[in-house]
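Each chain is listed here by its residues.
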Amino acid sequence: MQMNETQLNQIKSQLKRVMQVPGGFYAEKFAGIDVSSIKTQADFEKLPFSSKEDLRAAYPLGLAAVPEEKIVRIHSSSGTTGTPVIIPYTQKDVDDWATMFARCYTTAGMTNRDRIQITPGYGLWTAGIGFQLGAEKMGAMAIPMGPGNTDKQIQMMIDLKSTVLGATSSYALLLAEEIEKRGLRDRICLKKGIIGSERWGDKMRQRIKNVFNIELFDIYGLTEVYGPGIGINCPGGDGIHLWDDFIYCEILDPETGLPVPDGELGEICLTTLVKEGAPLFRFRTHDLARFIPGQCPRCSLKYPRISAIMGRSDDMVKVKGCILFPSTIEEVIKDVPGTSSEYRAEIEHADGRDEMTIFVEVENGVDRAEAAITLAYHFKERTNMTPVIKVVGIGDLPRSEKKTKRIIDHRFENK
């Protein structure tokens, strides 16, 4: 993506500020860099990357780039794979985040007459409170349910006539299946779903859409960079508009760190332009997407677009010499009639070799033996590797109120 002059000047201003914080994270990281020498996009692209490991090393408040009295809130990543990342926010950061999120809602066609049922978690995680900030900013009614308690969720959805659902795709599917099972579809007033936090395949998208009979939107963001709300697709659009007055996006080759041509898959790398509490420069997200060149044919927005998130570079697994992503499995399942969107892959190493078993749900009435043979054939054709296929019924695989882990690799559990 081409960097404009305003973005370059904002980044230079941010660099000067954070490098003056005594003992700060960036004073050390960028020591020896002459900010005045950064005059072009190519100069910017010589700056070192930031990683989640860098941010963890700054725990707890080493990332703070403002005096403590200006910090009004902190958020954090889950810390499930190590030391959590603590991100401090100033009041301006919170207000900017609300502005971006409200812009997402407006882009999706929401108004202040909508009622949004917010099911992502609250607390240190950024999701729930971000959904609420945006709703309050635009004047819509926020119904801050948080995750879980599905009976109460459905009751409130019916009684309060919720028109918009904010959720992870996993929980949206769980709610859709429960509503279908209980025969309550005619009592639901939902018109839109704002879905984020995890990638989801076409089959899952279609199932949620069909049960609720709603329009679905992909919202993008991550804890380290404000939270969800830094981009969303427009109605009918196949790409996510990124708010490039707040963030600058690069898409890079995960191996070389060099920009890929527009339209090619690569890793999203983000730089914040006006964030005060914990600015980020060239932060490698591990999310994989493509730039979509040209003007959006669906709307008048001038903001740049990326594809839906295709997966994560750290979600990649190698089995019998084949590189696989969750999206690889989803693409195979999508092409086999009678399959559900739900699957789980487990990888084990036994008797000196790797073995992948994929559990796939199929609809009632489908010949399970035939489905297993068809799936195995398509996997072999697409990946040159044949997994063990185990076919189960709809609802047999566990559902999640948060994110669903699709690939479970047991090979390294005891190492």
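See above for the structure.
**Q** Got a minute to help me understand the nonpolar core in this structure?
**A** Soluble globular proteins tend to bury their nonpolar side chains together. Formed by 67 residues in total, the largest nonpolar core has its most connected members in Y105, I194 and I306. The residues touching I194, leaving out its near neighbours within four places in the chain, are Y105, A108, F131, V164, L165, G166, A167, F217, I219 and I232. V332, V362, A371 and F379 belong to the second-largest nonpolar core, a separate cluster that totals 24 residues.

**Q** Explain helix 5 (residues 91-107) to me, please; I cannot follow it from the model alone.
**A** For helix 5, built from 17 residues, the straight-helix expectation of 24 Å at 1.5 Å per residue is met to within 8% by its first-to-last C-alpha distance of 24 Å. Within helix 5, 12 of the 17 residues are buried, leaving the element largely enclosed by the surrounding structure. Within the sequence span of helix 5, burial applies to D93, V94, D96, W97, A98, M100, F101, A102, R103, C104, Y105 and T107. The positive-phi residue at the C-terminal boundary of helix 5 is G109, with phi of around 90°.

**Q** Any chance you could explain the sheet that holds strand 3 (residues 115-118) here in plain terms?
**A** Judged by pairing direction, the sheet is mixed, and its 9 strands sit side by side in the order 4-3-5-6-7-8-9-14-13 without closing on themselves. Only two strands of the sheet have a single neighbouring strand rather than two, namely strand 4 (141-144) and strand 13 (291-292). Note that strand 5 (residues 164-168) and strand 6 (residues 192-196) share 5 bridges and pair parallel. Bridging across to strand 6, L165 finds its partner in G193. Sheet contacts for helix 6 (residues 127-138): strand 3, strand 4, strand 5, strand 6, strand 7 (215-222) and strand 8 (227-233); angle to strand 3, the most-contacted strand, approximately 170°.

**Q** Would you mind showing me how to read the packing of helix 7 (residues 150-159) against helix 8 (residues 169-181) here?
**A** A packed helix pair is summarised by two numbers, namely the angle formed by the two axes and the spacing between the axes. Interhelical geometry of helix 7 versus helix 8 gives an angle of 75° and a closest axis separation of 11 Å. For the element pair helix 7 / helix 8, the angle class is roughly perpendicular. The residues of helix 8 that touch helix 7, namely those facing T150, Q153, I154 and M157, are Y171, L174, L175, E178 and I179. When its residues are assigned to classes, the contact of helix 7 with helix 8 shows 6 nonpolar, 2 polar and 1 charged.

About the criteria used
- Residues numbered from 1 in each chain as written.
- Predicted model: local features only at pLDDT ≥ 70, side-chain atom pairs only at ≥ 80, totals over all residues.
- Heavy atoms only, no water.
- Core = buried A, V, L, I, M, F, W, Y, C linked by side-chain atoms within 4.5 Å.
- Buried < 20%, exposed > 50% of the residue type's maximum accessible area, 1.4 Å probe, protein only.
- Contact = heavy atoms within 4.5 Å.
- Helix = DSSP H or I, 4+ residues; strand = E, 2+ residues; numbered from the N terminus.
- Expected span 1.5 Å × (residues − 1).
- Pairing = 2+ DSSP bridges.
- Axes fitted to C-alpha atoms, helices over the stretch in contact; angles between N-to-C directions.
- Parallel < 35°, antiparallel > 145°, perpendicular 65-115°, else oblique.
- Nonpolar A, V, L, I, M, F, W, Y, C, P; charged D, E, K, R; others polar.

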